[in-house]
Amino acid sequence: MDDMTVLYDLKDRTAVLTLNRPDKLNALNKAMHEALQTALDRAEADGARVIVLRGAGRAFSAGQDLDEALAMQQGAPDLGLALERHYNPLIRRLADSPVPTLAVVHGVAAGASANIALACDLTLVAEDARLDQAFVRIALMPDAGGTWAVPRAVGRQRALGLMLTGDPITGREAADWGLVWQAVPADRLEAEAMGLAERIASGPADAIRAMRRAVRASESGTLDAQLDLERDLQSELGRSRDFGEGLRAFAEKRAPRFG
Ligand code: T3D
């Protein structure tokens, strides 16, 4: 396994995972998928409080490595199997991750990589980044959860507009449409990302886990089920050390120090 295809760095409680094939715009090949899973394992084992996913060089990532796809084309490829082996486990893992995830997008995020960025809990983009549902240009349909996440975020018309034309949108447009958390000037992206990561990492971990679980559940649940889930999770949080600290900090007019 080429373990340099994903770089791993733990700073305080923030794990930074960098897709690292800059000469190929960080296109995702088999080695990179495996390295990404290993890096996610490592971040969890290291007790990271937030995982940042970014790209080296001038792009976040250009999606599936099309050279690898072309080589596979020589045999009898089943793209469904490729999704089942690599992309679907990754998207499911991001959805269920015990650690919050932050995608940081500069340059281009194309194809499956755009949808991986959107599968993270938060997606922070450079204003001039390009989010590109590139699939139609090679006669495929969006995958990596794009047909699920994009219409939920922006509605059917805009989702199908992006998918049917393959026209990229800028980070600024993506933020205006509600597809991503925020767009910031490219020269501030790194600093904003690390500041946001630090805020999440120093937040109340159990409450953050509960929020993420409840919001994910809302995507397939009813109001009744959601109210029950809020009751159960809040019941647990009300007994937590962090809640006591939050109340004391309020009374003492100081910033809370969560565990
Ligand atoms: O097969 C399966 O497993 C099914 C799953 C599919 C999931 C998918 O993600 S499908 C969508 C795949 N991605 C694309 O179709 C995007 C392909 N890339 C582009 O359209 C363009 O590169 C971009 C619009 C993203 C950026 O354009 P530009 O002009 O800024 O850069 P460039 O010159 O095209 O690319 C720079 C280099 O990266 C170049 O290599 P070279 O010529 O300098 O050696 C280019 O070939 C390489 N590159 C870019 N994207 C890919 C890639 N190499 C392999 N795979 C890529 N996806």
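All values reported here derive from a predicted model rather than from experimental measurement.

Asks: Honestly, empty space enclosed by the protein in this entry has me stumped. Any pointers?
Replies: Unoccupied space between atoms shows up once a probe the size of one water molecule is rolled over them. Tallied over the entire structure, the rule returns two cavities of 30 Å³ or more. In this structure, the largest cavity spans a volume of roughly 50 Å³. Around the largest cavity, the lining residues are Leu17, Leu36, Leu40, Ile51, Leu53, Leu90, Leu94, Thr101 and Cys120. Sorting the residues of the lining of the largest cavity by element identifies α1 (30-45), β3 (50-55) and α3 (79-96) as the ones contributing at least two each. Here the lining of the largest cavity is built from residues that sort into eight nonpolar, one polar and no charged. What the second largest cavity holds in volume is close to 30 Å³. As for the second largest cavity, its lining consists of Leu19, Leu28, Leu36, Leu53, Phe60, Ser61, Ser113 and Ile116.

Asks: Just checking my understanding: could you explain a nonpolar patch on the surface for this structure?
Replies: Together, Leu66, Leu79, Ile138 and Leu140 line one region of the surface with nonpolar side chains, adding up to about 350 Å² of accessible area. Inspection of the secondary structure assignment puts Leu79 in helix α3. Residue Leu79 is classed as partly exposed on the basis of its relative accessible area of 46%.

Asks: Mind showing me how you'd approach the layout of surface pockets here?
Replies: In this structure, the largest pocket encloses a volume near 1,200 Å³. Along the wall of the largest pocket there are 42 residues; nearest its centre are Leu118, Cys120, Asp121, Leu122 and Arg216. For the lining of the largest pocket, the secondary-structure elements that each account for two or more residues are α3, β4 (101-105), α4 (112-119), β6 (122-126), α5 (146-154), α8 (189-201) and α9 (205-218). Of the residues forming the lining of the largest pocket, the biggest block, six residues, is contributed by α5.

Asks: Looking at this model, I keep getting lost on the pattern of salt bridges. Mind explaining?
Replies: Oppositely charged side chains are able to pair whenever their charged atoms sit close together. Inspection of every chain in the model, using the stated rule, returns 20 salt bridges. Salt-bridge contacts for Arg231 lead to Asp228; the nearest nitrogen and oxygen are separated by 3.4 Å. One end of the pair, Arg231, and the other, Asp228, are both in helix α10 (residues 223-237), three residues apart, so they sit about a helical turn from each other. A network of salt bridges, in which partner residues are shared, links Glu245, Arg248, Glu252 and Arg254.

Asks: What exactly am I supposed to notice about α8 here?
Replies: End to end, α8 covers 18 Å across 13 residues, agreeing with the expected 18 Å (1.5 Å per residue, within 8%). Of all the residues in α8, the buried ones are Leu189, Ala193, Leu196, Ala197, Ile200 and Ala201. All buried residues of α8 project into a common sector of 135° when viewed along the axis, lining one side. Pointing more than 90 degrees away from the buried face of α8 are the exposed residues Ala191 and Arg199. At its buried positions, α8 is contacted by β2 (14-19), β3, β4, β6, β9 (182-184) and α9.

Rules behind the numbers
Residues numbered from 1 in each chain as written. Predicted model: local features only at pLDDT ≥ 70, side-chain atom pairs only at ≥ 80, totals over all residues. Heavy atoms only, no water. 1 Å grid on protein atoms, 1.4 Å probe; cavity = no way out; pocket = protein on both sides within 12 Å on 5 of 7 lines; lining within 4 Å. Points joined across faces, edges and corners; volume = space filled by probe spheres on them. Helix = DSSP H or I, 4+ residues; strand = E, 2+ residues; numbered from the N terminus. Nonpolar A, V, L, I, M, F, W, Y, C, P; charged D, E, K, R; others polar. Patch = residues over 30% accessible without salt bridge, like charges linked within 9 Å, V, L, I, M, F, W, Y side chains within 5 Å. Areas by Shrake-Rupley, 256 points an atom, 1.4 Å probe, with all protein chains shown as cover. Salt bridge = Lys/Arg side-chain N within 4 Å of Asp/Glu carboxyl O. Buried < 20%, exposed > 50% of the residue type's maximum accessible area, 1.4 Å probe, protein only. Expected span 1.5 Å × (residues − 1). Arc of directions from axis to C-beta. Contact = heavy atoms within 4.5 Å.

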